[in-house]
Amino acid sequence: MTVQAIKLPILRMPYPVRVNPYLLALRQEAETWAREMGMLDSDEASSARRAIWNSSQFHAMAVDQLTAWALPDASFTDLRLNHRFNLWALAWDDYFASAFKRTGDLTGAKAFTARLHAFLPSEPGARLPEPTNAVERGMADLQQRLFPPRMAHWQRGLNRALARYVDAGVQELANSRAGRVPDLIEYAQFRRESFAAYSAPYSVELSTGARVPEQIRQSRAFCALLDAFMDYMGMANDIASYQREIHDEHDVNNLVIVLQTSLRITVQEAMHAAADLVTARLRHFEHLTRSELPPVVRRAGLNHDERNELQEWLRGACSFLSGIHAWYTGAPRYASADGPFPADSGVTPDGTSPRLVPARL
């Protein structure tokens, strides 16, 4: 069965998609920042040499829609910051794929990644090197903005998550060069790193302004909830990006390929098995939220304000999942860039939809 013949399953998503009211304002300033960082070049003829994306590639990603759907309640300031963070993550991904994955340059990938670690300091105020490319320039700029006083507690954790993200790219390349398909159990943990899923709780907190109370942050139930939250994002991405990764990048680091190899089934059967696994992780997230977290909250003795803050964070996490899902099923990065959005996505190219619920200002 060819890659083109694979039928993608429709993934379950119980949470409504809401759109941030600042979507249009976000779109207007996104190109400016990407150009300033050297990620975007509108000159189609020379963009491959000078930048990561040309204008048509940039717009096809619809990153502004991803950010506005995933963070419907964020202020414009927080939305813009998270949008730049999303742009950086995709800039790294596309640059790494073009410069190293498609060429098989493992030595170059290791050197690029080792240098990038210097832009992810573990201590506040560390001096950064002079950036030499768009990925470094973007991260150097973000390091000055990601940690306002209310988010300072995230500096070590977020940079550690990003270090795991870029390191995972090197491991993905090593796997592909060796033709080594990861083991299913190994892959579940690895996908959280290679998707930068450990950074998602930061985005939720940035959007909602709510922190998970320390009394339950390390509880088994909440840690399991975070795992399910992260697994849905990365594994659902593997389904949406299967054709792009396997056909265009000849990658082996994809849940569908992992299941096909581990279970010795066809690609189409593996696609359905992957969808079942993604759905199971979402149902586990729902179960933990509904049944296992409340007793933990009661035993921890959270006060009224702490309970409200937790509920606000959980609401933000649900919005994050629904926004990610909408992007996977509607954005041209995963759908055909030459045609309309899928008929069942309900999403139009300007980011509006009869199913989208405008968030409050």
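Use the structure listed above.
Residues numbered from 1 in each chain as written. Predicted model: local features only at pLDDT ≥ 70, side-chain atom pairs only at ≥ 80, totals over all residues. Heavy atoms only, no water.

Chemist: Quick question: what am I supposed to make of the overall build of the protein here?
Modeler: A tally of helices and strands in the protein yields 16 helices and four strands. Looking at the 361 residues of the protein, the share that counts as buried comes to 57%. Within the protein, residue pairs in contact and separated by at least 24 positions form 73% of the contacts whose partners lie at least 6 positions apart. When the accessible area of the protein is evaluated, it comes to approximately 15900 Å², of which 52% is carbon and sulfur surface. (Helix = DSSP H or I, 4+ residues; strand = E, 2+ residues; numbered from the N terminus. Buried < 20%, exposed > 50% of the residue type's maximum accessible area, 1.4 Å probe, protein only. Contact = heavy atoms within 4.5 Å. Areas by Shrake-Rupley, 256 points an atom, 1.4 Å probe, with all protein chains shown as cover.)

Chemist: Looking at this structure, I do not really get the environment of Val-19. What am I missing?
Modeler: One can find Val-19 in strand β1 (residues 18-19). A relative accessible area of 13% places Val-19 in the buried class. Between the C-alpha atom of Val-19 and that of Thr-67, which follows or precedes it by 48 residues, the distance is 9.0 Å.

Chemist: Is there a simple way to think about the packing of aromatic side chains in this case?
Modeler: Centre-to-centre distance and the angle between the planes together describe a pair of aromatic rings. The full count for this structure, using the stated rule, is 18 aromatic pairs. Geometrically, the ring pair formed by Phe-229 and Phe-320 is tilted, given 5.9 Å between the ring centres and 55 degrees between the ring planes. Residue Phe-229 is located in helix α12 (residues 220-240), and its partner Phe-320 is located in helix α16 (residues 304-330); the two are separated by 91 residues in the primary sequence. Residue Phe-229 is classed as buried on the basis of its relative accessible area of 0%. Above the face of the Tyr-198 ring, Arg-164 is positioned so that its terminal group lies 4.1 Å from the ring centre. (Phe/Tyr/Trp six-rings, centres within 6.5 Å; stacked < 30°, edge-to-face > 60°. Lys NZ or Arg CZ within 6 Å of the ring centre and 35° of its normal.)

Chemist: Would you mind showing me how to read the packing of helix α5 (residues 76-101) against helix α10 (residues 200-208) here?
Modeler: A pair of packed helices can be characterised by two numbers: the angle between their axes and the separation between those axes. Close contact between α5 and α10 brings their axes to 9 Å; oriented N to C, the two are set at 160 degrees. The angle between the axes of α5 and α10 places the two elements in the roughly antiparallel class. Of the two elements, α5 crosses α10, and the hand of that crossing is left-handed. For the pair α5 and α10, contact is made by Asp-78, Leu-81 and Asn-82 and by Tyr-202, Ser-203 and Leu-206, respectively. Grouping the constituent residues of the contact of α5 with α10 by class yields three nonpolar, two polar and one charged. (Axes fitted to C-alpha atoms, helices over the stretch in contact; angles between N-to-C directions. Parallel < 35°, antiparallel > 145°, perpendicular 65-115°, else oblique. Left-handed = near helix turned anticlockwise from the far one by under 90°. Nonpolar A, V, L, I, M, F, W, Y, C, P; charged D, E, K, R; others polar.)

Chemist: Explain the pattern of salt bridges to me, please; I cannot follow it from the model alone.
Modeler: Two side chains bearing opposite charge may form a pair once their charged atoms approach each other closely. Counted under the stated rule, the structure contains 22 salt bridges. For Arg-18, the salt bridge identified is with Asp-73, shortest N-O distance 2.8 Å. Linking Arg-18 in strand β1 with Asp-73 in the loop between α4 (63-70) and α5, this pair joins segments that are 55 residues apart in sequence. Like Asp-73, Arg-18 is buried. The partner of Glu-29 in a salt bridge is Arg-84, and the shortest N-O contact between them spans 3.0 Å. A residue pair is termed long-range when its members are at least 10 positions apart, and Glu-29 in helix α1 (residues 23-37) and Arg-84 in helix α5 qualify at 55 residues. With respect to class, Glu-29 is no different from Arg-84; both count as buried. (Salt bridge = Lys/Arg side-chain N within 4 Å of Asp/Glu carboxyl O.)

Chemist: Would you take a moment to explain the environment of Ala-34 for this structure?
Modeler: Relative to the elements of secondary structure, Ala-34 occurs in helix α1. Considered as a pair, Ala-34 and Ile-52 are 18 residues apart in the sequence and their alpha carbons are 9.7 Å apart. With near-sequence residues (within four places) excluded, Ala-34 lies in contact with Met-39, Leu-40 and Phe-58.

Taken by themselves, the reported measurements are silent on function.
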